[in-house]
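# Structure at a glance
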Amino acid sequence: MTLRTPLCDLLGIEYPIVQSGMGGVAGPDLVAEVSRAGALGIIAGLNLTADKVREAIRAVRAAADRPFGVNLFMPDQLRPPVDPATIPDDTIRAVQGTLNGFRARLGLPSTSERPPAVPDLIPAAFEVILEERPRVFSIGLGNPEPKMVNRCHERGIQVMAMVTTVDDARTVERAGVDVIVAQGAEAGGHRSTWSKPASVESVSIGTLTLVPQVVDAVRVPVIAAGGIADGRGLVAALALGASGALLGTRFVATREATAPEFQKKALLESEAEATTVTDAITGLWARYIQNTYTAEYDASGAPVLPALLQSRAEQDIFGHAAKEAAPEWFPMPTGQSVGLVHDLPGAAEVVERIVREARAVLDALARLPR
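Residues numbered from 1 in each chain as written. Predicted model: local features only at pLDDT ≥ 70, side-chain atom pairs only at ≥ 80, totals over all residues. Heavy atoms only, no water.

## Focus: helix 15 (residues 347–366)
For helix 15, with 20 residues, the first-to-last C-alpha span of 29 Å sits near the 28 Å given by 1.5 Å per residue. Every buried residue of helix 15 is accounted for by Ala347, Ala348, Val350, Val351, Arg353, Ile354, Val355, Ala358 and Leu362. Check the buried side of helix 15 and you find it contacts strand 1 (17–19), helix 2 (28–36), helix 9 (231–239), strand 9 (244–247) and helix 10 (249–252). (Helix = DSSP H or I, 4+ residues; strand = E, 2+ residues; numbered from the N terminus. Expected span 1.5 Å × (residues − 1). Buried < 20%, exposed > 50% of the residue type's maximum accessible area, 1.4 Å probe, protein only. Contact = heavy atoms within 4.5 Å.)

Spelled out as structure tokens, the structure:
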């Protein structure tokens, strides 16, 4: 039974499966393997300089003569990045005071300094994408203005934007994007909004209800994201009217993913209830495996700094955790589909398995009494 949808024709892929462009996870090896298997791999451009973006694109192109994409992380607070000097002294003291309590327990030196500025990487990285012309420019946490979309179209690049609400879906469609990813609340990592809401509840609509509403509201193909990790999830997404599914957590637990091995192990040992939504890691709302760091920072009542300045303030703690392979102090973006992930295969095997499972589900549905 065929799994071909309009998304496959639009993006030049064999199967309507997209690998999320996850920072710290989606490097060239993972992307190339996914694309070679007939799905769409997406390079994570988060925190990459323009040269590193170019290097990653060329590495994928050398390894896989198949369509792939590049994702940029573009919330409003990074366009341009917030100047640390503008943050009130009281906020810095409260944040560093809380972090110093953690540092003392980990044997790290305390500090009261402002975090270093977040480099303004987006404009130069976007120019590299235009020059290198991958099949897809993927936007996480960003509202692409029509000029940006038009420049991509002039170079034959399709534009994909992720949203968490119907209103945002209508907004990016007006900007001219080719594909919209409807991100349900179950998804791991950042909630895909370009401005941080005061409460995460307003952007926490479940996949099952969000996807058909977005499908009904726009005319471009919609990809479902959030809580999908196998062929059953792909078929469910198609039944909701989506043209495909985007998976993140499932691809973290693959041999090619660049996540630390201790993070992959923690993922394999976790169930859906192990995750939490917090702004304590980057300053923006995101879903992670709950650990000592997230639980205690949230419980402290300390404020958080603007986008990525929070994580730069914490970098010594996270760096120490990585060196010591200490998952209780390391950020591990993970969706609620983690309870469906129990092994560590290659990425191509993941794609092949999802296709095989989806076909089996469709065949079983076709045999149901009418």
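## Quick notes on empty space enclosed by the protein
Throughout the structure, instances matching the rule amount to 2 cavities of 30 Å³ or more. Looking at the largest cavity, its volume works out to about 160 Å³. Lining of the largest cavity is provided by 15 residues; of these, Asn47, Phe73, Leu78, Leu121 and Ile122 occupy positions nearest its centre. In terms of residue class, the lining of the largest cavity is made up of 12 nonpolar, 2 polar and 1 charged. Space inside the second largest cavity adds up to approximately 80 Å³. In terms of lining, the second largest cavity is formed by 13 residues, of which the most central are Leu141, Thr193, Ser195, Lys196 and Leu284. Considered class by class, the residues forming the lining of the second largest cavity number 7 nonpolar, 3 polar and 3 charged. (1 Å grid on protein atoms, 1.4 Å probe; cavity = no way out; pocket = protein on both sides within 12 Å on 5 of 7 lines; lining within 4 Å. Points joined across faces, edges and corners; volume = space filled by probe spheres on them. Nonpolar A, V, L, I, M, F, W, Y, C, P; charged D, E, K, R; others polar.)

## Brief notes about the side chain of glutamate 132
When you line up the elements, glutamate 132 lands in helix 5 (residues 122–132). Overall, the relative accessible area of 10% leaves glutamate 132 in the buried class. Engagement of the side chain of glutamate 132 in a polar contact is seen with the side chain of arginine 58, the distance being 2.8 Å. If sequence neighbours within four positions are ignored, glutamate 132 has contacts with Arg54, Ile57, Arg58 and Arg61. (Polar contact = N/O pair within 3.5 Å; in protein donor to acceptor, adjacent residues only side chain to side chain.)

## Considering the packing of helix 4 (residues 89–106) against helix 14 (residues 315–324)
Closest axis-to-axis distance for the helix 4/helix 14 pair is 10 Å, and the angle between their directions is 30°. Taken together, the axis directions place helix 4 and helix 14 in an arrangement best described as roughly parallel. In the packing of helix 4 onto helix 14, the handedness of the crossing is left-handed. Of the residues in helix 14, those touching helix 4 at Leu99, Phe102, Arg103 and Leu106 are Asp316, Ile317 and His320. Of the residues in the contact of helix 4 with helix 14, the class split is 4 nonpolar, 1 polar and 2 charged. (Axes fitted to C-alpha atoms, helices over the stretch in contact; angles between N-to-C directions. Parallel < 35°, antiparallel > 145°, perpendicular 65-115°, else oblique. Left-handed = near helix turned anticlockwise from the far one by under 90°.)

## Looking at the nonpolar core
If you look at the biggest cluster of nonpolar residues, it comprises 111 residues, and the most contacted ones within it are Ile17, Phe137, Ile180, Val214, Phe251, Tyr293 and Ile317. The element contributing the most residues to this core is helix 15, with 8 residues. Among residues more than four places away in sequence, those in contact with isoleucine 317 are Leu99, Phe102, Arg103, Leu106, Leu108, Tyr293 and Trp329. If you look at the next biggest cluster of nonpolar residues, it comprises 15 residues, including Ile13, Val136, Ile223 and Leu246. (Core = buried A, V, L, I, M, F, W, Y, C linked by side-chain atoms within 4.5 Å.)

## Structural notes on the packing of helix 9 against helix 15
Packing of helix 9 against helix 15 brings their axes to within 7 Å, and their N-to-C directions diverge by 60°. Compared by their axis directions, helix 9 and helix 15 come out oblique. With respect to the hand of their crossing, helix 9 and helix 15 are arranged in right-handed fashion. Judged by residue contacts, Gly231, Arg232, Leu234 and Val235 of helix 9 engage Ile354, Glu357, Ala358, Val361, Leu362 and Leu365 from helix 15. Tallied by class, the residues present in the contact of helix 9 with helix 15 amount to 7 nonpolar, 1 polar and 2 charged.

## Here we look at unusual backbone geometry
With the exception of glycine, the majority of residues adopt a negative phi angle, and the majority of peptide bonds are in the trans configuration. With an omega of 0°, the peptide bond running from arginine 79 to proline 80 counts as cis. Tracing the sequence through the fold places proline 80 in the loop between strand 3 (68–73) and helix 4. The phi dihedral of asparagine 47 falls on the positive side, at around 70°, and the residue is not glycine. Inspection of the secondary structure puts asparagine 47 in the loop between strand 2 (41–44) and helix 3 (50–63). Although it is not a glycine, leucine 308 adopts a positive phi angle of roughly 70°. Mapped onto the elements of the fold, leucine 308 is located in the loop between helix 12 (292–300) and helix 13 (309–313).

## A word on the packing of aromatic side chains
Inspection of the entire model under this criterion finds 7 aromatic pairs. Considering the side-chain rings of tyrosine 293 and phenylalanine 318, the 5.3 Å spacing of their centres and the 75° angle between planes classify their relative orientation as edge-to-face. Taken together, the positions of tyrosine 293 in helix 12 and phenylalanine 318 in helix 14 put the pair 25 residues apart, joining distant regions of the chain. Centre to centre, the rings of tyrosine 293 and tryptophan 329 are 6.5 Å apart; their planes meet at 70°, and the pair counts as edge-to-face. You can see tyrosine 293 sitting in helix 12 and its partner tryptophan 329 sitting in the loop between helix 14 and helix 15, a full 36 residues away along the chain. Tryptophan 329 carries the same exposure label as tyrosine 293, and that label is buried. An aromatic cluster is defined as three or more aromatic residues linked by ring pairs; in this entry it consists of Phe102, Tyr293, Tyr297, Phe318 and Trp329. (Phe/Tyr/Trp six-rings, centres within 6.5 Å; stacked < 30°, edge-to-face > 60°.)

## A few points about the sheet that holds strand 11 (residues 286–289)
Taken together, 3 strands build an open sheet; the order of strands is 7-11-10 and the sheet is antiparallel. Sheet topology places strand 7 (189–190) and strand 10 (275–278) at the edges, where each strand pairs with a single neighbour. (Pairing = 2+ DSSP bridges.)

What is shown is where atoms sit, not what they do.
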